[in-house]
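Residue strings, one per chain:
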Amino acid sequence: MLAEEVKKRTPRVLVEEVVGKAKILKLFSKERDRQVVGGAVLSGTFFSGKQVKLIRQEHEIGRGAC
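Conventions we followed
- Residues numbered from 1 in each chain as written.
- Predicted model: local features only at pLDDT ≥ 70, side-chain atom pairs only at ≥ 80, totals over all residues.
- Heavy atoms only, no water.
- 1 Å grid on protein atoms, 1.4 Å probe; cavity = no way out; pocket = protein on both sides within 12 Å on 5 of 7 lines; lining within 4 Å.
- Points joined across faces, edges and corners; volume = space filled by probe spheres on them.
- Helix = DSSP H or I, 4+ residues; strand = E, 2+ residues; numbered from the N terminus.
- Nonpolar A, V, L, I, M, F, W, Y, C, P; charged D, E, K, R; others polar.
- Buried < 20%, exposed > 50% of the residue type's maximum accessible area, 1.4 Å probe, protein only.
- Pairing = 2+ DSSP bridges.

A. The layout of surface pockets, seen in detail. The space that makes up the largest pocket amounts to roughly 1600 Å³. If you go around the largest pocket, you meet 39 residues; those closest to its centre are F46, Q51, V52, K53 and L54. For the lining of the largest pocket, the secondary structure elements donating two or more residues are strand 1 (20–28), strand 2 (36–44), strand 3 (51–56) and strand 4 (59–65). For the lining of the largest pocket, the element with the highest residue contribution is strand 2, accounting for 7 residues. Of the residues belonging to the lining of the largest pocket, the class tally is 20 nonpolar, 9 polar and 10 charged.

B. Structural context of the pairing of strand 3. Of all 6 residues making up strand 3, only 0 are buried, and the element is barely covered by its neighbours. Counting the residues between successive antiparallel strands, the hairpin from strand 3 to strand 4 contains 2 residues, one of them, Q57, with a positive phi of roughly 50 degrees.

The values are spatial; any link to function lies outside them.
Here it is in structure tokens:
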């Protein structure tokens, strides 16, 4: 019981792994807070359902799902 409580309260560690890079070619959006992005994969691989981080000029501008 104590071990379960310790496990619940232990902070999760997020690990970021670069598996690919893509160039954004076009934004398709009808809603302000939600966007669909079209792009070309420059290197690596992208998998459906994985989280992505959008970076512009070395600054993070957003996160989303692939």
